Amino acid sequence: MKALLGFLGLMLVLSRAMANDVSAYIVNGTNVSSATTYPSFASMFFISGASYSNYCGATMLNSQYALTAAHCIYENPSTMLNTYVIPQLLDESTYASAEKARASEFYFPSDYIDSGAVLWPNDIAVIKLESPLSSVPDYTYLLNTTINNSFSASDTYIAIGHGQIAGNVSGGTILQQTNLDYVSLNDCRSQYGLVTDKQICFGGAQSGGYRNSTCNGDSGGPVYIESGSQYIQIGITSFGPRSCGDASLTVTSVFTDVYDYIGWINQVINGQEVPKYYVTTVNGQRTLVSNIITANSDAGGSINLICLVVLLVMRLFKEPKNNLQNQLLPVI
């Protein structure tokens with residue numbers, strides 16, 4: 001048992017280390033001409049004094065709540081204390097003058113596991129802002145509430161994000177978009193193994209040695225399905241191979257399936273969930289407070305550990321093809 005726990009600890013440390021060894025880009029992207037094309041899109045910035053970086057994507061649910069990936073903020077107090085959300089940011093260079101609001105509360109499912117060994121299950125988070133954004137209406141109607149694991153390969157799917165382009169070449173500051181190809185759950189499992197039915201997989205057309213893909217830094221951002229004149233969000237960018245847009249792989253991007261969390265999202269917005277973390281200000285000093293112990297009983301924590309042990313043991317007996325698991329990264 002001690003050896004197994006040691007193995008678990010090593011895997012968790014490695015997954016966190018990999019998350020810091022990344023850079024951001026949409027692969028084979030083109031410039032988005034207008035931010036209003038994808039009105040719910042938002043950017044998450046770390047801003048502390050003169051230091052700033054656009055580290056994850058998001059989508060606005062309404063004027064005070066944003067949807068993103070749990071691994072963007074999980075167990076990172078500095079990030080949570082210094083996160084600002086900026087809606088409809090077309091050009092990163094204009095971030096300073098753009099309307100923005102600071103994050104104040106952080107929600108994610110109690111059964112989220114922050115480990116690539118089990119493919120980041122339940123990788124979803126909601127962030128409440130300190131103050132409402134005056135330019136943002138209710139966008140919850142742009143979330144998928146009708147399609148449940150019955151996506152068609154003939155539909156149009158688009159992912160968007162800021163950052164570099166294929167081969168770690170700077171892509172400038174303009175928001176990028178790329179078309180993706182839906183990959184069935186069975187085909188996705190043949191590549192990655194234990195993908196759940198709460199995740200959606202995509203590949204992409206090949207161009208210049210890379211396949212269309214999301215990549216590091218695009219985490220938390222959306223994948224949309226074209227529906228008439230609207231783009232409906234079906235997924236949240238979660239993870240992909242270390243070599244983004246790897247042309248040798250069928251699946252280049254994996255997303256959290258929004259449909260499976262609509263009830264939970266509504267509970268958060270309606271004040272029926274307890275935040276895992278929240279920010280309080282005492283004597284002018286902002287401090288991050290954890291509700292993890294309150295929100296998760298000791299029994300719940302033990303169950304999560306048992307689940308992680310079982311999944312890791314299963315992983316040992318069901319290695320993905322070409323040992324691909326060792327090459328996965330959360331897309332942050």
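Note that this is a predicted model, so its numbers are computed, not measured.

S.K.: I'd like a description of the nonpolar core, backed by residues and values.
M.R.: Counting residues in hydrophobic clusters, the biggest one holds 67 residues, and the most contacted among them are Met44, Met60, Phe106 and Phe202. When sequence neighbours within four positions are dropped, the list of residues in contact with Phe202 reads Tyr157, Leu180, Asp181, Tyr182, Val183, Val223, Ile234, Thr250, Val251, Thr252, Ser253 and Phe255. Counting residues in hydrophobic clusters, the runner-up holds eight residues, among them Tyr38, Ile160, Tyr224 and Tyr231.

S.K.: How would you sum up the pairing of strand β10 (residues 199-203)? Please name residues and give values.
M.R.: Most of β10 sits out of view: five of its five residues are buried. The side-chain alternation of β10 yields two buried faces, one formed by Gln199, Cys201 and Gly203 and the other by Ile200 and Phe202. Pairing analysis gives four bridges linking β10 to strand β15 (residues 253-257), with the strands arranged antiparallel. Its bridge partner lying in β15, Phe202 is registered against Ser253.

S.K.: Before we move on, could you go through the packing of aromatic side chains and cite the residues and values that matter?
M.R.: Tallied over the entire structure, the rule returns 18 aromatic pairs. Measuring from centroid to centroid gives 6.3 Å for Phe108 and Tyr112, while their planes differ by 70°, and the two rings are edge-to-face. An aromatic cluster of three or more residues is present, and its members are Phe151, Tyr157, Tyr182, Phe202 and Phe255.

S.K.: Account for the pattern of salt bridges, naming residues and giving values.
M.R.: A complete count under the given rule lists one salt bridge for this structure. Between Glu130 and Arg286 there is a salt bridge; the shortest N-O distance is 2.9 Å. Linking Glu130 in the loop between β7 (125-129) and β8 (157-161) with Arg286 in strand β17 (residues 285-290), this pair joins segments that are 156 residues apart in sequence. Looking at Glu130, the relative accessible area reads 42%, which means it is partly exposed. Under the relative-accessibility criterion, Arg286 is labelled buried at 15%.

S.K.: How would you explain helix α4 (residues 262-269) if you had to name every residue and give the values?
M.R.: Since the α-helix turns once every 3.6 residues, residues separated by three or four places project in the same direction. Every buried residue of α4 is listed here: Ile262, Trp264, Ile265 and Val268. End-on view of α4: buried residues confined to an arc of 160°, all on one side of the axis. Where α4 is buried, its residues contact β4 (65-68), β6 (101-107) and β7. Directly after α4, the chain includes Gly271, whose backbone phi takes a positive value near 75°.

S.K.: Can you lay out the state of the cysteines for me, pointing to particular residues and giving the numbers?
M.R.: The tally for this structure, following the rule as stated, stands at three disulfides. The disulfide that involves Cys56 links it to Cys72, with 2.1 Å between the sulfurs. For the disulfide bridge between Cys56 and Cys72, the dihedral angle about the S-S bond is near -90°, and by the sign convention the bridge is left-handed. Separated by 16 residues along the polypeptide, Cys56 in strand β3 (residues 51-60) and Cys72 in the loop between β4 and α2 (77-81) bring together distant segments of the chain. Of the two residues examined, Cys56 and Cys72, each falls in the buried class. Each sulfur of the disulfide joining Cys215 and Cys244 lies 1.5 Å from the other. Across the S-S bond linking Cys215 and Cys244, the dihedral sits near 60°, which makes this disulfide right-handed. One end of the pair, Cys215, is in the loop between β12 (210-211) and β13 (222-227); the other, Cys244, is in the loop between β14 (230-241) and β15, and 29 residues separate them in sequence. Note on accessibility: Cys215 and Cys244 belong to one class, buried. The disulfide pattern of the chain is 1-2, 3-4, 5-6 when the bonded cysteines are numbered in sequence order.

Analysis parameters
- Residues numbered from 1 in each chain as written.
- Predicted model: local features only at pLDDT ≥ 70, side-chain atom pairs only at ≥ 80, totals over all residues.
- Heavy atoms only, no water.
- Core = buried A, V, L, I, M, F, W, Y, C linked by side-chain atoms within 4.5 Å.
- Buried < 20%, exposed > 50% of the residue type's maximum accessible area, 1.4 Å probe, protein only.
- Contact = heavy atoms within 4.5 Å.
- Helix = DSSP H or I, 4+ residues; strand = E, 2+ residues; numbered from the N terminus.
- Pairing = 2+ DSSP bridges.
- Phe/Tyr/Trp six-rings, centres within 6.5 Å; stacked < 30°, edge-to-face > 60°.
- Salt bridge = Lys/Arg side-chain N within 4 Å of Asp/Glu carboxyl O.
- Arc of directions from axis to C-beta.
- Disulfide = S-S within 2.5 Å.

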